[in-house]
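# Remarks on the overall topology
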Amino acid sequence: MTLRITLSAALAAAALLAIPASAAPKTDLRVGMAAQDVGQLDPHRAVSTIDRTVVAWIYNGLVRFKPGTMDPKQIEPDLAEKWESSSDKLDWTFHLRHGVKFHGDFGELTADDVVFSLKRASDAKTSAFSADFAAFKTIEATDPYTVHIVLARQVPSLLGLVTNYSGGYIVSRKAVEKYGADFTRNPVGTGPFAFVSDTPNQSLELAAFDGYFRGKPKLEHVSYRYIPSDSSRDLAFQNGEIDLIYGKQDQAWINRIRALPNSVVDVFEPGELANLNLNITAKPLDDLRVRQAIAYAVNRPELVKWQGADTARPGQSVIPAGYLGSSGDVGLVNTDIAKAKALLKDAGYPDGVTIKIIHTQLPQMLGSMQVVQAQLRKAGITLDIQVVDHATFHQQIRKDLSPIVYYAAARFPVADIYLTQFFHSASIVGKPTAVTNFSHCDVADKEIDAAKTETDTEKQVGLWVEAQKKIVAAVCAVPLGEALQIWAHRTDLDYGYELKASLSLGPLLTEATHFK
Amino acid sequence: MIGFIIRRLLASIPTLLAVLTLVFLLVRVVPGDPAIAILGDRATPETLAALRAELGLDRWIGAQYLEFLGHALRGDLGTSMVTHRAVWTEISEALPHTIVLTLAAMVIGCLIGIPAGVWAALHRNGAIDVLTRLLSLLGLSFPVFVSGIFLLIVFALQLHLFPVIGNPRPGDWIDGLHKLVLPAITLGIVMAAYVVRVTRSSMLQVLGEDYIRTARAKGVPRRSIIWRHGLSNALIPVVTVVGLYVGILIGNSVLTEIVFNRPGLGKVIVSALTQRDYTMLQGMMVIYCFLIVVVNLITDISYGLIDPRVKQ
């Protein structure tokens, strides 16, 4: 009897202890990312979604997009509290906030760090984004809290270059000099979360930065876990082991996760526009009629239906929708198989044509390409697809080895950057100034160049629209669809803002992000 | 025995040298540019060229080879091109996890496979034999990413006995053992499927030998015939298969580690391959090769222990 009473008392005590003293919200966030490992934590070399997502939590820019947006009109102060420019937009002065601290023992942010960071971002030896800063003539610190930038020529959006995106992140000069090449594994920024540790192929741990200039973050710890298997990542989320998960641009995935209890699927901008870039100098695509036949054979609504209504939308131009200067009225043609066949016949291919191309094995991109392949086949165009792994794909398309290149990308939301990188002759692959012009397109150079220095916004937009019309008329590229960013989180996680867009391609974690 | 081990180790040196050369050439023959993999699609040719120079990839390939060989012979596997971590540090952190998983799977495979194979052989063409062969076929047919996910759904999601993420807490061996169970069973099932088939056929052959018939005629107890005279002679082919299969297990551990999100060589090598991290790939291949050489050596030594005639 005594034993039974003792056991009962012990069980009751254990049950009481199991009840939390107060239902305090969690402060540890666990993120599941589709990755083997993080690559570069040096923001000026962080190019993959895996790297960019986490870099955005560590660093700041001089200015930033309002959290949850990517509208250049909603750019707001970040490390700079105010700025002014000359009337010709060539001289810019940024006034820094006082008392902004870097993580660790790296002291206060000064103009010297900003000058160092922007020079570093514009140096081809240290930055993947150096081309963006080609118009920068001088960057100087006029006092510890003032930075003066002089441009050699006008750029469509100077603020866009110094925002919390790509080359605009500000690093600690002392930290870069201390760590050298190892800075990429010892990131030091001014953001809400500071780097703690990195376990190769497992996870990256971040802690709230108590000295963050916008106030101490509500989350205390962020664990960024690399879970490459889609199934395992989903199961971990379903099992409550992950709070925030990188999703799939796939309607079935969205439907499945939405059906789970306590789950919210985030669908947000930017849409990554997939274009079929047609090499206008390679046979048989050097014949406009063959390119037009491809344009008529592509069925965008069908492709979007395959990808999923929630995750994709039809491409409306050769640059993504919603960018400053993008237009939905650029002369895209609708599907017309009979017309495609007639054009092929006129071009001397009455029995159809076979085009050998190289494509990546990434499942989503390969699936989309196979749908396009089936669509083109109806018009007598056979795509002989040589499937290679993704790294090989990137290498070979830059060697001009594929006359058709399927390429999906999002850029800073101003038409200039997309048009310059994909359709200006200076960006043609193989040239010393190459970027991603796989089509060898050069029909709109005049408009793209003129728009760069046009100070009248209306005229500038007009030039960009004209450039798109010319590119579409020459069929340098056939737009397919735009795929939005897909993540999911548990319902008790509150980002602290409404997530409509994120240029880092992952949800931004701010000082306000918390568990309810 | 020591002389035998030394002879085998010396014989391994040319193999390892050949592997070093092949590995160096292979990773460079594979298309794909590490600079593009690291810097992405917006880097200019100038930026890419600067990174190639930084990584030493712009130098004559012979000079790169000699440097690699020199460092490798001194035990220095270099630094990862992508992460700037020391290759050996990364491998040494991952290697114990892979070895533990492989050994656990091997033990499970042998514990299930050998008795089941003997049992099937003793009931040749009976219901037990048919059932064992059927289960073995199923074990061989299911890739680890299917059986692994199946185990996760049942034991993690439905029964909540194990976590989905199998990354053990450092220094907590109980947690490590707990998180080892499902991956080890996943790999062990495949191992057992192989072992059961080899044990069965080997036992059948041995049980038909004259000395077994003689032992039976002399009235040796059945248990002694099976375990002492039968199995001990049937084990040599089983040990061969286990030895060979360790190499396959290490290969299969790549998928198992990814499904269960465990640390290990598999995740490291996939990451290195995706990013064309030449130095990491080279280091990984050297270690894999070294492991296979060691396993083969252990297998050869085991022959001697099981059957002393082999040593002669």
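Residues numbered from 1 in each chain as written. Chains lettered and ligands numbered in written order. Predicted model: local features only at pLDDT ≥ 70, side-chain atom pairs only at ≥ 80, totals over all residues.

### Some remarks on the overall build of chain B
- Per the secondary structure count, chain B includes twelve helices and zero strands.
- When the helices and strands of chain B are listed from N to C terminus, the series reads α-α-α-α-α-α-α-α-α-α-α-α.
- Judged by the C-alpha coordinates and their principal axes, chain B covers about 85 × 55 × 35 Å.
- Sequence-distant contacts, at least 24 apart, represent 75% of the contacts inside chain B between residues at least 6 apart. (Helix = DSSP H or I, 4+ residues; strand = E, 2+ residues; numbered from the N terminus. Contact = placed C-beta atoms within 7 Å.)

### Topic: the overall build of chain A
- Of regular secondary structure, chain A possesses 15 helices and 19 strands.
- For chain A, the spread of C-alpha atoms along the three principal axes comes to 100 × 70 × 40 Å.
- Scored against the burial criterion, the 516 residues of chain A give a buried share of 53%.
- When contacts within chain A are restricted to residue pairs at least 6 apart in sequence, long-range pairs at least 24 apart make up 70% of them. (Buried ≥ 20, exposed ≤ 12 C-beta atoms within 10 Å, placed from the backbone.)

### Some thoughts on the domain arrangement of chain A
- Assigned domains of chain A: these are domain 1 (28-226 + 491-515) and domain 2 (270-484).
- Listed per partner, the contact involves 13 residues of domain 1 of chain A and ten residues of domain 2 of chain A. (Domains from an automatic or database assignment.)

### Some words on the sheet that holds strand 7 (residues 146-151) of chain A
Residues and elements named next belong to chain A.
- The four strands lie next to each other as 4-5-7-6, forming an open sheet whose pairing is antiparallel. Of all strands in the sheet, those with a lone pairing partner are strand 4 (80-85) and strand 6 (136-143), marking the two edges. Recorded for the sheet is a direction-independent mean angle of 20° between the axes of neighbouring strands.
- Along the sheet face, helix 3 (residues 111-121) touches strand 5 (91-96), strand 6 and strand 7 and points at about 170° away from the line of strand 6. (Pairing = 2+ DSSP bridges. Axes fitted to C-alpha atoms, helices over the stretch in contact; angles between N-to-C directions.)

### Observations regarding the packing of helix 7 (residues 144-158) of chain B against helix 8 (residues 173-207) of chain B
Residues and elements named next belong to chain B.
- Where helix 7 contacts helix 8, the two axes come as close as 9 Å, and the packing angle between them is 140°. Accordingly, the angle class assigned to the pair helix 7 and helix 8 is oblique. The two elements helix 7 and helix 8 cross, and the hand of that crossing is right-handed. For the pair formed by helix 7 and helix 8, the contact residues are V144, S147, G148, L151, L152 and F155 on the first element and L182, I185, T186, L187, I189 and V190 on the second. (Parallel < 35°, antiparallel > 145°, perpendicular 65-115°, else oblique. Left-handed = near helix turned anticlockwise from the far one by under 90°.)

### A short note on the interface of chain B and chain A
- Opposite the 44 residues of chain B that make contact, chain A presents 44 residues.
- Secondary structure elements with two or more residues in the side of chain B that touches chain A: helix 2 (34-39), helix 3 (45-55), helix 5 (87-122), helix 7, helix 10 (222-259) and helix 11 (265-274) of chain B.
- Of the residues in the side of chain B that touches chain A, the class split is 24 nonpolar, eleven polar and nine charged. (Nonpolar A, V, L, I, M, F, W, Y, C, P; charged D, E, K, R; others polar.)

### Topic: the pairing of strand 1 (residues 28-33) of chain A
Residue and element names in this part refer to chain A.
- For strand 1, the buried fraction is high: five of the six residues fall into the buried class.
- Direction of pairing for strand 1 relative to strand 10 (residues 221-226): parallel, over a ladder of six bridges. Along strand 10, the bridge assignment pairs V31 with Y224.
- Bridging between strand 1 and strand 11 (residues 244-246) involves two bridges; their strand directions are parallel. Note on strand 11: the bridge partner recorded for G32 is I245.

### Overview of the confidence of the model for chain A
Residue and element names in this part refer to chain A.
- On average, residues of chain A carry a pLDDT of 92, and 96% of them reach 70 or more.
- Low pLDDT (under 50) marks residues 1-8, which in the prediction has zero contacts with non-local residues, meaning those over four places away or in another chain.
- Counting interchain partners and residues more than four positions distant, the pLDDT-below-50 stretch residues 10-21 has zero contacts. (pLDDT = per-residue confidence, 0-100.)

### Examining the nonpolar core
- Core analysis: the largest hydrophobic core is formed by 227 residues, its most contacted members being A:L278, A:A293, A:I294, A:L419, B:M191 and B:V195.
- Sort the elements by how many residues they give to this core and helix 8 of chain B lands first, with 16 residues.
- For A:L419, the residues in contact, after removing those within four places along its chain, are A:I319, A:H424, A:A444, A:I448, A:W464 and A:A467. (Core = buried A, V, L, I, M, F, W, Y, C linked by C-beta atoms within 7 Å.)

### Quick word on helix 3 of chain B
Residue and element names in this part refer to chain B.
- Considered for burial, the residues of helix 3 that qualify are T47, L48, A50 and L51. Down the axis of helix 3, the sector holding all buried residues measures 160°, keeping them to one side.
- Elements in contact with the buried residues of helix 3: helix 2.
- G56 lies just past helix 3 and shows a positive phi near 80°. (Arc of directions from axis to C-beta.)

### What about the pairing of strand 15 (residues 381-388) of chain A?
Residues and elements named next belong to chain A.
- As defined by bridge partners, strand 14 (residues 353-360) adjoins strand 15 across eight bridges and the pair is classed as parallel. When the bridges of strand 15 are listed, I357 appears paired with I385.
- The β-α-β motif built from strand 14, the intervening helix 11 (residues 363-378) and the parallel element strand 15 has right-handed crossover chirality. (Right-handed = clockwise from strand over helix to strand, strands pointing away.)

### What about the packing of helix 5 of chain B against helix 8 of chain B?
- Relative to each other, helix 5 of chain B and helix 8 of chain B sit at 35°, their axes nearing to 5 Å. Our pair here, helix 5 of chain B against helix 8 of chain B, has a crossing hand that is right-handed.

### Here's the deal with helix 10 (residues 337-346) of chain A
Residues and elements named next belong to chain A.
- A340, K341, L343 and L344 are the residues of helix 10 that are buried. In an axial view of helix 10, the angular spread of the buried residues amounts to 160°, which keeps them on one side of the axis.
- The inward-facing, buried residues of helix 10 abut helix 8 (288-297) and strand 14.
- Two residues or fewer after helix 10 comes G348, characterised by a positive phi angle close to 95°.

### Quick word on the environment of B:S80
Residues and elements named next belong to chain B.
- Here S80 is to be found in the loop between helix 4 (61-73) and helix 5.
- Between the C-alpha atoms of S80 and G166, which are 86 residues apart in sequence, the distance is 25 Å.
- Those residues in contact with S80, other than ones at most four positions away along the chain, are R85, V87, E90, D277, T279 and M280.

### Some words on unusual backbone geometry
- Each neighbour pair has its own omega, and for A:E269 with A:P270 the value is 10°, a cis peptide bond.
- Here A:P270 lies in strand 12 (residues 263-278).
- In this structure, the amide linkage connecting A:K283 to the following residue, A:P284, adopts the cis form with an omega of -5°.
- Mapped onto the fold, A:P284 is located in the loop between strand 12 and helix 8.
- Even without glycine at this site, A:L505 takes up a positive phi of about 70°.
- For A:L505, the location among the structural elements is in the loop between strand 18 (493-494) and strand 19 (514-515).
- A positive phi angle, near 50°, is found at B:N261, a position not held by glycine.

### As for the environment of B:L255
Residue and element names in this part refer to chain B.
- With respect to the helices, strands and loops of the structure, L255 is situated in helix 10.
- Considering only alpha carbons, one finds L255 and V295, 40 residues apart in sequence, at a separation of 21 Å.
- The residues contacting L255, other than those within four sequence positions of it, are V144 and F145.

### Observations regarding the environment of B:Y278
Residue and element names in this part refer to chain B.
- Its location among the elements puts Y278 in helix 12 (residues 278-306).
- Through-space distance from the C-alpha of Y278 to that of G208 is 53 Å; in sequence the pair is 70 residues apart.
- Aside from chain neighbours lying at most four places away, what touches Y278 is V27, R28, P34 and M81.

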